[in-house]
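# Understanding the architecture of this molecule
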Amino acid sequence: MTPAPPPAAHTAPRATCRMQFHAGFTLDDAVARVPYLARLGVSHLYASPLLPAAPGSLHGYDITAYDAVNPALGGEAALRRLVAALRAAGMGLLLDIVPNHMGVDGPHNPWWQDVLAHGRESRFAAFFDIDWDSADPALAGRLLAPFLGRPYGEALAEGELALVAEGPTGLSLAYFDNRFPIRPEDARAVLEAPEGLAPYDPRGVAGAARLHTLLERQHYRLAWWRCAADEINWRRFFDVTGLAGLRAEVPAVFDATHALVLRLYTEGLIDGVRIDHIDGLADPAGYCRRLRRRMAAAGARRPAGAPAGAPYIVVEKILAPGERLPERWGVDGSTGYDFMDQVGAVLHDPAGEAPLSALWREVSGSARDFAAEEVAARRQILRDNLAAELDGCARALHHLARAHLRTRDISFRAIRRVLAELLAHFPVYRVYVRAGRPGEADGAVLRQAAGAARAHLPPTDHAVLDQMLFWLAGEAPRQRPPGESRQALLRARARFQQLSSPTAAKSVEDTAFYRYGRLLSRNEVGSNPGQFFLSAGGFHAAAAARGRDFPRALLATATHDHKRGEDLRMRLALLSGMAEDWAAFLRDVLGRAAGLVRALPEGPAPEPGEAAMLVQMIVAAWPLDLAPGDGMALAAWAERLAGWQRKAMREAKRRTGWAMPEAAYEEASAAFLHGLLDRAADPALPRALHDFARRIAAPAALASLAQAVLRLTVPGVPDLYQGCDFWDFSLVDPDNRRPVDYAARAAALADPAPLAALADPAPLAALAGRWRDGAVKQRVIQRLLALRATAPALFEAGDYVPLSPRGAMAEGCLAFLRRAGGEALLVAVPLRPLWLMPPGAEGPFPDPARWGDTALPLPADLAGRGWEEVLAGGRVAGAAEMRLAALPLPLVVLRAARN
């Protein structure tokens, strides 16, 4: 019999798999992985950026052109081969797009090269967010080019700057691999002179002087990279000078940066997009609505065989606790950081908050909570990393002040001082106020930030703060056509909103996360480490709201940007339920390792808090198959940990940093790490760390499976990050972007053993010998993805109905129903694995009898219906309440039997 063709894909995904493309994993490499993804149950491949990027880019966010598919990935021909394979498997394709910035560190971006060559007269000058009217006389009509590895005078004197006959004008300044075009009139004069380039040879005094004079006439001012923080006059992505901000709000810029994406959608090659860093744009709402309109119009021309439906659009957005994605944007939802936070928090035991907070104060020697660390980090980032951006925003506000008699005496310094304090206490990434007054949510944010800032400002600045709030949130003057005062106000608001976002990102995720280590599972992108846990009721409320407002939002538990792998976080979360055990162990390890700490003039190396965080990472990331006596494997793993440690210390910006690494501190801290794992020096230490990791491994695996079950059953679209169908103990990037062993995964999926084991009535005995290989997690994912395919109504539009467990262990269970028409799905997972199994258990499935009398009361209309066990197989008789002890697995997924 001829097999039935796969079901046709829809533009909206049922489940996605994120893949990272680069020269080492191309579009053609992905073609070979499509059959595996289809068998796993994924409906859409979710691709990292595919446009041309800087040579050697491993992530693709440093885009250098918007008119092609990256040749390093195989180009458009390879994309078409991949899409053909996906369509043959009934699958679709989502594309990560980057409208906010471009890569400019090198000669590979023709738009940027044109701006360097022609200055503000370049046809691309308006594409980038450049302040051509800088208050700095040295930058009037010019842009700062802070790409030198040493001060300009030193680079010139050492002969590192030289002219070459290359580039858009025929002549460029070469600085190693970088190129800076010489403006056309100067290029012609030099190239047409009989002497050619020889008079500008920097190896001689006269030549260096002539070269300097020539460079001073250019549309850019070459500078040391460290000048950027204080003097840059163009918007960057965060504080990354190699990524220049684009003005996507300008129609011509939108058209130029989206022509290829719209063509790919029109031709049916992609089915939707993920918008990177939406908060970097001047007008996220306007951008999203414009993109929706343009893609919808393009959809009318899609080929007949292309997946049907409206274009699928999600945004990368960090949502603070209680913050909601604006519905007026017209998107399908976020990329899932909010769910990653919620599912992680609900799996933390609130009983651990007080003892672990006290433990952190003890071992770190710091009394600061996370909120205090965040404010301190914000002040430091504004001072050291974003000073130029702060100046630019303050100047825009000062321009408003000078325009009116009543405010003209408000000084620039007062505005800058008040602005910095407001940003130091800003509780979200940004607000979205344009010309009108703020909405309720934005108004509340501004009032909260102003209240906190007022408490730290002298009374003499309070009137300035009040005026600043008016500028940032008052009604803009209505003028037709828009007058200068209105435009100046909109520019100032955009400056503020585009500054609050990088301030938050650099201060919170990239600084405070590495300073505060009460429990590192809560230090994750999208999370607030100050919020230790989320109640079951809070989780239910968030899930129900998502189902109501954004039922197609992505649900992530791992991403290319995560700080720790999804299963590593569950090991850390488990410590919340055994706080006293952990405290005793940590004190013991730190005490035994005291001799490894090196005394430096500036203090101990490592700092006590960094040593404590390192121990957390060691036990949580310890590979399941790593024996403490395997010296070679231990050393290789220590190198991975050393990469994390180095990044963590530099991000913390205390004793070392990216701007000025402190070699002595980093070397001493690395020696501490290697000493902890050196079995030759002290075999007891690595043995103790291994044994503790082994104690938490199985209960944490149950928590991981609970996390996976929730991701696959609550409202939203589950997203699987590459490789996370097996256990994920990855560290921060680039560790979380290592190659994936797809062959092992395909082999495991073809092996019937785990499937049979899940159906075994004694799952602990059946799986104890092989749960460590990750196949159990893979099969749980496959089973639930298959369920989503066969019961689409339950997951696309089904109601989310919380259940209230009763019994002695009710608080350790999270349960709910999904209902649509006559269909129903019952889901229940353990929130406190240690209530069901002790540390040191040999497998992740405890005896169900440990649930005792815990039961789930069911609605009356379901009391008489039987149930099909989705994970374990078999049937369960109907009853007025479901006794958990009577079910074969602690992970309960029951589908109501069809009448």
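Residue positions are given per chain, counted from 1 along the sequence in the order it is written. Owing to the predicted nature of the model, reporting of local features is limited to residues with pLDDT of at least 70; listing and counting of side-chain atom pairs is limited to 80 or more, with chain, interface and lining totals taken over all residues. By convention in this description, side-chain values take in all heavy atoms of the structure and omit both hydrogens and water.

### Notes on the overall build of the protein chain
The condition is simple: Runs of H or I in DSSP of at least four residues are treated as helices and runs of E of at least two as strands, each being numbered from the N terminus. Any two residues whose heavy atoms approach within 4.5 Å are treated as being in contact. When charges are counted, Lys and Arg contribute as positive and Asp and Glu as negative, whereas His and the chain ends are disregarded. Charge positions are represented by NZ for Lys, CZ for Arg, CG for Asp and CD for Glu.
On a plain count of helices and strands, the protein chain comes out with 31 helices and 26 strands. Each principal axis of the C-alpha distribution contributes one length, and for the protein chain these read about 90 × 70 × 60 Å. Residue pairs at least 24 apart in sequence account for 75% of intrachain contacts in the protein chain once pairs closer than 6 positions are excluded. The average position of the 102 basic charges and that of the 100 acidic charges among the side chains of the protein chain differ by 4 Å.

### So, the sheet that holds strand β1 (residues 16-19)
Two pairing modes exist for strands in a sheet, parallel and antiparallel, and in both the strands are linked by backbone hydrogen bonds. Keep this limit in mind: In this analysis, strands are considered paired if DSSP registers two or more bridges between them.
Strand order in this open sheet of 8 strands is β14-β13-β12-β3-β2-β1-β18-β15, and the pairing throughout is parallel. Of all the strands in the sheet, just β14 (333-334) and β15 (554-555) have a single pairing partner and so form its edges. Taken together, the 4 bridges between strand β3 (residues 92-97) and strand β12 (residues 272-275) define a ladder with parallel strand orientation. Bridge pairing in β12 places Asp96 opposite Arg274.

### Some points on the packing of helix α23 (residues 631-652) against helix α24 (residues 663-676)
Convention followed: Between N-to-C directions, angles span 0 to 180 degrees; the directions come from axes that are lines fitted to C-alpha atoms, helices contributing only their stretch in contact. Note on terminology: angles under 35 degrees are roughly parallel, angles over 145 are roughly antiparallel, angles of 65 to 115 are roughly perpendicular, and the others are oblique. Left-handed describes a crossing whose near helix is turned anticlockwise from the far helix by less than a right angle; the clockwise case is right-handed.
Across the interface, α23 lies against α24 with an axial gap of 10 Å and an inter-helix angle of 140 degrees. What the angle tells us is that α23 and α24 run oblique. Between α23 and α24 the crossing geometry is right-handed. From α23, Ala638, Glu639, Leu641, Ala642, Gln645, Arg646, Met649 and Arg650 reach across to α24, where they touch Tyr665, Glu666, Ser669, Ala670, Leu673 and His674.

### Looking at the pairing of β12
Where we set the bar: Accessibility here uses a 1.4 Å probe with only protein chains present; expressed as a share of the type maximum, an area under 20% marks a residue as buried, one over 50% as exposed, and anything in between as partly exposed. Look down the strands so they point away from you; if the path from the first strand over the helix to the second goes clockwise, the crossover is right-handed.
The side-chain alternation of β12 yields two buried faces, one formed by Gly272 and Arg274 and the other by Val273 and Ile275. Between β12 and its parallel partner strand β13 (residues 312-315), the chain crosses via helix α10 (residues 284-299), and the hand of that crossover is right-handed.

### Things to note about the environment of Ser730
The condition is simple: Pairs of N or O atoms within 3.5 Å make up the polar contacts considered here, provided that, within protein, one atom can donate a hydrogen while the other can accept it, and that residues adjacent in sequence are counted only when both atoms are side-chain atoms.
Here Ser730 is to be found in the loop between β18 (717-721) and α26 (742-750). Setting aside residues no more than four positions away along its own chain, Ser730 makes contact with His562, Arg564, Gly565, Leu568, Arg640, Asp735, Asn736 and Arg738. For Ser730, the side chain forms a polar contact with the side chain of His562, separated by 2.9 Å.

### Brief notes about the sheet that holds strand β4 (residues 101-103)
Spatially, the 3 strands line up as an open sheet ordered β4-β11-β10, and their pairing is antiparallel. The two strands at the open ends of the sheet, each matched to only one other strand, are β4 and β10 (236-237). Relative to strand β11 (residues 240-245), β10 runs antiparallel, the two being bridged by 2 bridges. When the sheet's bridge partners are listed, Arg236 is paired in β11 with Ala244.

### Let's talk about the pairing of strand β21 (residues 823-830)
In terms of residue burial, β21 counts as a mostly covered element, since 7 of its 8 residues are buried. Pairing analysis gives 8 bridges linking strand β20 (residues 813-820) to β21, with the strands arranged antiparallel. Within the sheet, the bridge partner assigned to Phe816 lies in β21 and is Val827. Counting the residues in the hairpin turn of β20 and β21 gives 2 residues, including Gly821, whose phi is positive at 60 degrees.

### Description of the confidence of the model for the protein chain
The predicted coordinates should not be examined in detail at positions where pLDDT is low. Which entries qualify depends on this criterion: The predictor rates its confidence in each residue with pLDDT, a number between 0 and 100.
Confidence in the prediction of the protein chain, expressed as mean pLDDT, is 94, and 96% of residues score 70 or more. Confidence drops under pLDDT 50 across residues 1-5; counting only partners more than four residues distant or on other chains, this segment forms 0 contacts. Long-range and interchain partners of residues 754-765, a stretch whose pLDDT sits below 50, account for 21 contacts in this model, where long-range means more than four residues apart.

### Focus on the packing of helix α17 (residues 462-473) against helix α18 (residues 484-509)
What counts, and what does not: Any residue that is not Ala, Val, Leu, Ile, Met, Phe, Trp, Tyr, Cys, Pro, Asp, Glu, Lys or Arg is counted as polar, Gly included; the first ten are nonpolar and the last four charged.
Two elements in contact, α17 and α18, have axes whose closest approach is 8 Å; the angle formed by their N-to-C orientations is 100 degrees. Accordingly, the angle class assigned to the pair α17 and α18 is roughly perpendicular. Taken together, the residues of α18 that come into contact with α17 (itself represented by Phe470, Trp471, Leu472 and Ala473) are Leu489, Arg493 and Phe496. Per-class residue counts for the contact of α17 with α18 are 6 nonpolar, no polar and 1 charged.

### Remarks on the environment of Asp741
Looking at the secondary structure, you find Asp741 in the loop between β18 and α26. Since its relative accessible area comes to 44%, Asp741 is described here as partly exposed. Sequence separation of Asp741 and Ala244 is 497 residues, and the distance between their C-alpha atoms is 35 Å. At 3.1 Å, the side chain of Asp741 forms a polar contact with the backbone nitrogen of Ala744.

### Thoughts on the pattern of salt bridges
Condition: Note on definitions: salt bridges are taken to be side-chain nitrogens of Lys or Arg within 4 Å of carboxyl oxygens of Asp or Glu.
Using the criterion set out here, one finds 66 salt bridges in the structure. Where Asp96 meets Arg18, a salt bridge forms, and the shortest distance between an N and an O atom there is 3.0 Å. Of the two residues, Asp96 sits in strand β3 while Arg18 sits in strand β1, which places them 78 residues apart along the sequence. Like Asp96, the residue Arg18 is buried in the burial classification. Where Arg235 meets Asp129, a salt bridge forms, and the shortest distance between an N and an O atom there is 3.0 Å. You can see Arg235 sitting in the loop between α8 (228-231) and β10 and its partner Asp129 sitting in the loop between α4 (110-118) and β5 (143-148), a full 106 residues away along the chain. Classification of Arg235 as buried rests on a relative accessible area of 12%.

### Details of the packing of aromatic side chains
Put simply, the test is: Aromatic pairing here means that ring centres of Phe, Tyr or Trp (its six-membered ring) are within 6.5 Å. Orientation follows from the plane angle: under 30 degrees is stacked, over 60 is edge-to-face, and everything else is tilted.
Taken as a whole and judged by the stated rule, the model has 26 aromatic pairs. A centroid spacing of 6.4 Å and a plane angle of 25 degrees characterise the contact between Phe147 and Trp234, whose relative ring orientation is stacked. Within this pair, whereas Phe147 is found in strand β5, its partner Trp234 is found in the loop between α8 and β10, the two being separated by 87 residues in sequence. When the ring of Trp582 is compared with that of Phe585, the centres are 5.8 Å apart and the planes differ by 35 degrees; the resulting orientation is tilted. Here Trp582 and its partner Phe585 are both found in helix α21 (residues 579-592), 3 residues apart, which amounts to about one turn of the helix. Among the residues examined, Phe585 registers a relative accessible area of 12% and is labelled buried.

### Considering the side chain of Asp96
Given a relative accessible area of 2%, Asp96 falls into the buried group. For Asp96, the side chain forms a polar contact with the side chain of Arg18, separated by 3.0 Å. Ignoring anything within four residues of it in the chain, the contact list for Asp96 reads Arg18, Ala47, Ser48, Pro49, Tyr61, Arg274 and Asp276.

### Let's talk about unusual backbone geometry
Note: most peptide bonds trans; most residues except glycine with negative phi. In this model, Ala605 is joined to Pro606 through a cis peptide bond whose omega is 0 degrees. Looking at where Pro606 falls in the secondary structure, it is placed in the loop between β17 (603-605) and α22 (608-621). Note the cis peptide between Asp733 and Pro734, where omega equals 10 degrees. Within the secondary structure, Pro734 is located in the loop between β18 and α26. The backbone of His277 sits at a positive phi, close to 45 degrees, despite the residue not being glycine. Here His277 shows up in the loop between β12 and α10. For Lys653, which is not glycine, the phi torsion reads 60 degrees and is therefore positive. Here Lys653 is to be found in the loop between α23 and α24. Residue Lys653 is classed as buried on the basis of its relative accessible area, which comes to 16%.

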